[in-house]
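Each chain, written out:
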Amino acid sequence: MGLFTFLTKRFIAGETKEEAFRAVRRLNGMGMRTTLDILGENVTSEKMARDLANLYINLVEAIDRDKLTANVSVKLTQMGLDVSDDFCYRNVSRIIEAAGASNMFVRIDMEGSDYTERTLQLVHRWAGKYDNVGTVIQAMLHRSEADIGELIRRGIRIRLCKGAYKEPPSVAIQRKDDVNANYIALMKILLDSGIFHSIATHDDAMISATRDYATIKGIPKSNFEFQMLYGINRSGQTELVKDGYGMLIYVPFGTHWFPYYYRRLRERKENILFIAKHLLRD
Ligand SMILES: Cc1cc2nc3c(=O)[nH]c(=O)nc-3n(C[C@H](O)[C@H](O)[C@H](O)COP(=O)(O)OP(=O)(O)OC[C@H]3O[C@@H](n4cnc5c(N)ncnc54)[C@H](O)[C@@H]3O)c2cc1C
């Protein structure tokens, strides 16, 4: 096995669309929905950002043609946010329109806190025009409760996650227990909203808290879904499906895998030890 394959295959479905579609078919066969992410971020050339949007449009069309249970997740810095907000707005609008033609949802991923405000402003603009767009809120940020209030007021679907970027104390909660407590508080707001939101976590404690809250409040399983990343907590994924919950898997693919891969390693020291052990053994 090559070093590339060895390093990436745990977290990344492959380098090509065909490999990603194979993973999607397998997950769909297990009763799971999927969202596809073409890996890449911080693109500063307009041409490259336009080409990447075209790749997403081809992807949307192929998902529809192959009748996969899948939608797409998009990072705005891959779509030209560093060029300008208006350029990015126009570029991503093309993807949202193509997806809308197939009744497909587009999720705008959330990146580091330098981009939060601009991402949300753009999401508000898209949501004013299209009904197939939603975004992500990170429980670690101090601002998230207020942001959730505004998104819910506008009827926008939210994926709640803890947050994958290293952030300073001025913008983010630093202690893990405090992030978890905020995650649970925000989860309750989402479940109470009556809008279909997504609870994205591999953390058994967050999952139990969500299940318990929904049961106590009599919120049907069909009113929300859980989400996990490709290759993480696979037993949890199948267990939630078995228990009748909606489960969506985030399936990243492509050649620009390093930043995503690095975030997955950083989240868990065992991952780094695992890689180190295998590299030493080889
Ligand atoms: C579907 C989905 C979409 C996401 N989208 C975004 C986004 O747009 N923006 C953003 O900032 N973040 C995003 N994230 C990442 C998220 O913010 C967290 O960084 C990540 O999910 C880890 O947090 P956790 O909730 O799993 O809890 P943690 O407390 O980090 O982990 C709980 C347990 O899950 C397992 N686990 C977690 N991570 C790993 C790992 N890398 N390898 C192996 N086991 C692991 C371990 O058993 C760990 O003990 C997304 C996550 C998911 C599931």
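All values reported here derive from a predicted model rather than from experimental measurement.

The rules behind each value
- Residues numbered from 1 in each chain as written.
- Predicted model: local features only at pLDDT ≥ 70, side-chain atom pairs only at ≥ 80, totals over all residues.
- Heavy atoms only, no water.
- Pairing = 2+ DSSP bridges.
- Helix = DSSP H or I, 4+ residues; strand = E, 2+ residues; numbered from the N terminus.
- Axes fitted to C-alpha atoms, helices over the stretch in contact; angles between N-to-C directions.
- Contact = heavy atoms within 4.5 Å.
- Buried < 20%, exposed > 50% of the residue type's maximum accessible area, 1.4 Å probe, protein only.
- Polar contact = N/O pair within 3.5 Å; in protein donor to acceptor, adjacent residues only side chain to side chain.
- Near = heavy atom within 4 Å.
- Areas by Shrake-Rupley, 256 points an atom, 1.4 Å probe, with all protein chains shown as cover.
- Nonpolar A, V, L, I, M, F, W, Y, C, P; charged D, E, K, R; others polar.
- Parallel < 35°, antiparallel > 145°, perpendicular 65-115°, else oblique.
- Left-handed = near helix turned anticlockwise from the far one by under 90°.
- Phe/Tyr/Trp six-rings, centres within 6.5 Å; stacked < 30°, edge-to-face > 60°.

A. Quick peek at the sheet that holds strand β7 (residues 224-229). The strand order around the closed barrel formed by 8 strands is β1-β2-β3-β4-β5-β6-β7-β8, and the pairing between neighbours is parallel. Recorded for the sheet is a direction-independent mean angle of 30 degrees between the axes of neighbouring strands. Note that strand β4 (residues 133-138) and strand β5 (residues 158-161) share 4 bridges and pair parallel. If you follow Ile137 over to β5, its bridge partner there is Leu160. Here helix α3 (residues 46-65) sits on the sheet and contacts β1 (33-38), β2 (70-74) and β8 (246-253); the angle it forms with β2, its principal contact strand, is near 165 degrees.

B. Layout of the side chain of Gln138. Position of Gln138 relative to the elements: it lies in strand β4. Gln138 sits in the buried class, given a relative accessible area of 3%. Within the structure, the side chain of Gln138 is placed 3.2 Å from the backbone oxygen of Glu111, a separation counted as a polar contact. Beyond its immediate chain neighbours, meaning those up to four positions away, Gln138 contacts Met110, Glu111, Ser144, Cys161, Lys162, Gly163 and Tyr165.

C. Region of interest: the site of the ligand. As a matter of local geometry, the ligand sits amid 26 residues, with Lys162, Gly163, Thr201, His202 and Glu267 nearest to it. Separating a nitrogen atom of the ligand from a side-chain N or O atom of Arg159 is a distance of 3.1 Å. For the ligand, an oxygen atom lies 2.6 Å from a polar atom in the side chain of Glu267. Alone, the ligand offers 930 Å² of accessible surface; in the complex the protein occludes 87% of this. Broken down by secondary-structure element, the contributors of at least two residues to the shell around the ligand are β4, β5 and β7. Among the elements that take part in the shell around the ligand, β7 stands out by supplying 3 residues, more than any other. For the shell around the ligand, the residue count by class is 11 nonpolar, 6 polar and 9 charged.

D. Summary view of the packing of helix α4 (residues 85-101) against helix α5 (residues 116-129). The N-to-C vectors of α4 and α5 enclose an angle of 45 degrees; their axes lie 11 Å apart at closest approach. In terms of orientation, α4 lies oblique with respect to α5. In this structure, α4 meets α5 at a crossing whose hand is right-handed. Between α4 and α5, the contacting residues are Asp85, Asp86, Cys88, Tyr89, Val92, Ser93, Ile96 and Glu97 on the first element and Arg118, Leu122, Arg125, Trp126 and Lys129 on the second.

E. Broad picture of the packing of aromatic side chains. By the definition in use, this model includes 9 aromatic pairs. Note on Tyr250 and Tyr260: the rings are 6.3 Å apart at their centroids and 5 degrees apart in plane angle, and the pair reads as stacked. Of this pair, Tyr250 sits in strand β8 while Tyr260 sits in helix α10 (residues 258-266), placing them 10 residues apart in sequence. A residue is classified by how much of its surface remains accessible, and Tyr250, at 5% relative accessible area, is buried.

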